[in-house]
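Results of the structural survey
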Amino acid sequence: PHQAADQSRDGLTHNMLNDIHNHWKHGEGVRVKCLGVPTVDMQNVCRELEDKTGGLIIHRHGGLLILYRGRHYHPKKRPVIPLMLWKPAEPIYPRLIKTTIEGLTVQETKEMRKKGLHAPVLTKLAKNGYYANLVPMVRDGFLADELVRIDCKGLPKSDYRKIGVKLRDLVPCILVSFDKEQIIVWRGKDHDESIQDNLHNAFPSFLQLESAAVKNENVEQEEASSESVAGKNEHGEKEETSSDCSSDEWSEISSSDDVPDDK
């Protein structure tokens, strides 16, 4: 498939839609590489791509997607999204970081922000990186501590603020601070372990995936060792049966070879 332009930091744009349809004129599939803030929620990225383009994602590996145009695709009958010729007024969002966190006093909020800045760093985000693993990492971090700190040095301020909003909605968690280019989130007083367990079942953590892989390897090794032991115990019998079968097979082959000569 042809290579399309990388997805921008703002997500799926009108220019990117045109690039995809231009590539579909010459090939059935197009590769789309996703980086930056939108990759925190890759399910939304895939849904938007299929909805806006009318295509189908047939392969996904990390942030690399292959988008298929469909069997009956026709360039002139494709869905057209009109180009916005005017810039809408910027929406007014509520403050992300409040003076006092709900349920805490002013002093408790200050202490929590100081504690968050001294908490160990969970991970460091690279500029325009792939962030799809960030949500399960934060959920794993909340199993050990109530506060999680993510190092965002080098990222534009708007980027790590958007990432913080996505974490707030997807984990879910409470935003504590964006000071010193850090994202500090709190799991909250009403942190329910049963809800966290359900989220881990729906989205397995890294520890669960690694432990499952180790268990599968151990099981495969045990099965292989048991099969080798059984093979050693029955080695003589297997050789005898194989020799018998081979003699029968040779007799059949010889008889079958004689038939065409008689004919």
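Throughout this document, residue positions are counted from 1 along each chain, in the order its sequence is written. Per-residue local features of the predicted model are confined to residues with pLDDT of at least 70, and side-chain atom pairs are confined, for both listing and counting, to 80 or more; whole-chain, interface and lining totals are unaffected and use all residues. Values shown for side chains rest on all heavy atoms present in the structure; no hydrogens or waters enter the calculation.

The protein appears in an unreviewed UniProt entry as CRM domain-containing protein from Aegilops tauschii subsp. strangulata.

It is worth spelling out the packing of aromatic side chains at this point. Only centres within 6.5 Å qualify two rings of Phe, Tyr or Trp (six-membered ring in Trp) as a pair; their planes then separate them into stacked at under 30 degrees, edge-to-face at over 60, and tilted for everything else. Under the counting rule described, the total for this entry stands at two aromatic pairs. Note on tryptophan 24 and tyrosine 73: the rings are 5.3 Å apart at their centroids and 70 degrees apart in plane angle, and the pair reads as edge-to-face. Of this pair, tryptophan 24 sits in helix α1 (residues 14-24) while tyrosine 73 sits in the loop between β4 (64-68) and α3 (106-117), and the two are 49 residues apart along the sequence. For the pair formed by tryptophan 24 and tyrosine 73, the shared burial category is buried. Here the aromatic rings of tyrosine 160 and phenylalanine 178 are separated by 6.0 Å at their centres, their planes lie at 55 degrees, and the arrangement is tilted. Numbering of helices and strands runs from the N terminus; a helix is a DSSP stretch of H or I covering at least four residues, while a strand is a stretch of E covering at least two. The buried label applies to any residue whose accessible area, calculated with a 1.4 Å probe on protein chains only, is under 20% of its type's maximum; exposed applies above 50%, and partly exposed to all values in between.

For the rest of this paragraph, the subject is the nonpolar core. Nonpolar core, defined: a set of buried Ala, Val, Leu, Ile, Met, Phe, Trp, Tyr and Cys residues in which side-chain atoms within 4.5 Å join the residues together. If you look at the biggest cluster of nonpolar residues, it comprises 22 residues, and the most contacted ones within it are Leu125, Val138, Ile150, Ile163, Leu167, Ile183 and Val185. Contributing elements (two or more residues each) for this core: α4 (134-144), β6 (147-151), α5 (157-170) and β8 (182-186). Examining the composition of this core, we find that four residues originate from one element, α4, more than from any other. Apart from residues lying up to four places away in sequence, isoleucine 183 is in contact with Val148, Arg149, Ile150, Cys152, Tyr160, Ile163, Gly164, Leu167, Ser177 and Phe178. The next biggest cluster of nonpolar side chains, apart from the first, holds 15 residues, and it includes Ile20, Val30, Val32 and Tyr73. Note on definitions: a residue-residue contact is assigned when non-hydrogen atoms from the two residues lie within 4.5 Å.

Any carboxyl oxygen of Asp or Glu that lies within 4 Å of a side-chain nitrogen of Lys or Arg is treated as forming a salt bridge with it. The tally for this structure, following the rule as stated, stands at four salt bridges. One salt bridge in this structure joins lysine 52 and glutamate 48, with 2.7 Å as the shortest N-O distance. Taken together, the positions of lysine 52 and glutamate 48, both in helix α2 (residues 42-53) and four residues apart, correspond to about one turn of that helix. Here arginine 168 makes a salt bridge to aspartate 169, at a shortest N to O gap of 3.2 Å. Look at arginine 168 and you get partly exposed, because its relative accessible area is 33%.

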